Amino acid sequence: MKTEIRNDKEQRLLRSFINGDESAIATLIEGYRKKVYNYILMLVKDRQTADDLCQETFIKVIGSLRGGKYAENGKFISWVLRIAHNQVIDFFRGGRRPAHVTSEDAGYDVLNNKELADPTVEDRMIRDQLEEDVRSLIDRLPEEQREVVVLRHYFDLSFKEIAQQTGVSINTALGRMRYALINLRKLVDERRLAFA
């Protein structure tokens, strides 16, 4: 089930939340939680840490929205990913475990929302295995290539946005993607994997 939100609906939800509709944030989080979690997981390679940093990211997102710190000048997901990226950088710089944040701290129960639950155990197992296989291949890429693949295919960022996010030129981002795809093809061939 694809829950990604289109830009016009996203902006309506953001305005609704900013204007006091607390339920609007649930839809936004539902639409992007998995992508943000996967992005963080690719960087920290630990599920518990990724879970904690994902929760902290959305706590910061909610706080920033409430504080009027979001400007509608681009994709919401790009802004959220910058916050997530900064959380990861802070985590590695400080050598710390993420703080445990409660639902009361957040003002919203980010992780224990019935709407965010997986449909069935079987669906989850199949999806998790496929994600693990793909993640395993992507993890074997050099860091710069891995980052471009994650931002492009998991977050649908344009190469211009990827270049801005990573601090390189568009041509460099394109080159990294090209080499990443070549390397992924080699890895798939070496392991004789088949992805339907």
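Residues numbered from 1 in each chain as written. Predicted model: local features only at pLDDT ≥ 70, side-chain atom pairs only at ≥ 80, totals over all residues. Heavy atoms only, no water.

Draft legend 1. Representation of the nonpolar core within the structure. With 49 residues, the main nonpolar core has Val36, Ile40, Leu65, Phe76 and Phe155 as its most contacted residues. Those elements that place two or more of their residues in this core are helix H1 (7-18), helix H2 (24-44), helix H3 (47-66), helix H4 (76-94), helix H6 (121-139), helix H7 (143-154), helix H8 (159-166) and helix H9 (170-191). Element by element, the count of residues in this core is highest for H2, at 12 residues. Residues in contact with Phe76, not counting those within four places in the same chain, are Glu10, Leu14, Leu28, Tyr32, Val61, Leu65 and Tyr70. (Core = buried A, V, L, I, M, F, W, Y, C linked by side-chain atoms within 4.5 Å. Buried < 20%, exposed > 50% of the residue type's maximum accessible area, 1.4 Å probe, protein only. Helix = DSSP H or I, 4+ residues; strand = E, 2+ residues; numbered from the N terminus. Contact = heavy atoms within 4.5 Å.)

Draft legend 2. Main features of the confidence of the model for the chain. Averaged over every residue, the pLDDT of the chain is 78; the share at 70 or more is 76%. When the criterion is pLDDT under 50, residues 114-118 qualifies, and its contacts beyond four places in sequence or with other chains add up to 8 contacts. (pLDDT = per-residue confidence, 0-100.)

Draft legend 3. View of the pattern of salt bridges. Taken as a whole and judged by the stated rule, the model has 2 salt bridges. When the shortest N-O distance is used, the salt bridge between Asp139 and Lys45 registers 3.4 Å. Note that Asp139 is positioned in helix H6 and Lys45 in the loop between H2 and H3, a separation of 94 residues in sequence. Take Lys45: its relative accessible area is 46%, and that puts it in the partly exposed class. (Salt bridge = Lys/Arg side-chain N within 4 Å of Asp/Glu carboxyl O.)

Draft legend 4. Structural context of the side chain of Gln165. Mapped onto the elements, Gln165 comes out in helix H8. Residue classification places Gln165 among the buried positions, given a relative accessible area of 15%. Gln165 has contacts with Tyr39, Ser78, Leu81, Arg82, His85 and Leu151, leaving out every residue within four places of it along the chain.

Draft legend 5. Expanded view of the packing of aromatic side chains. Evaluation of the coordinates by the stated rule reveals 4 aromatic pairs. Ring plane angle 50° and centroid distance 6.0 Å describe the contact between Tyr32 and Phe76, whose orientation is recorded as tilted. Here Tyr32, found in helix H2, pairs with Phe76, found in helix H4; they are 44 residues apart in sequence, far enough to count as distant. For the pair formed by Tyr32 and Phe76, the shared burial category is buried. Here the aromatic rings of Tyr39 and Phe155 are separated by 5.2 Å at their centres, their planes lie at 85°, and the arrangement is edge-to-face. Here the residue Tyr39 occupies a position in helix H2, and Phe155 occupies one in the loop between H7 and H8, the gap between them amounting to 116 residues. Accessibility classification places Tyr39 together with Phe155 in one group, the buried group. Cluster of aromatic residues (ring-pair linked, three or more members): Tyr32, Phe76 and Trp79. (Phe/Tyr/Trp six-rings, centres within 6.5 Å; stacked < 30°, edge-to-face > 60°.)

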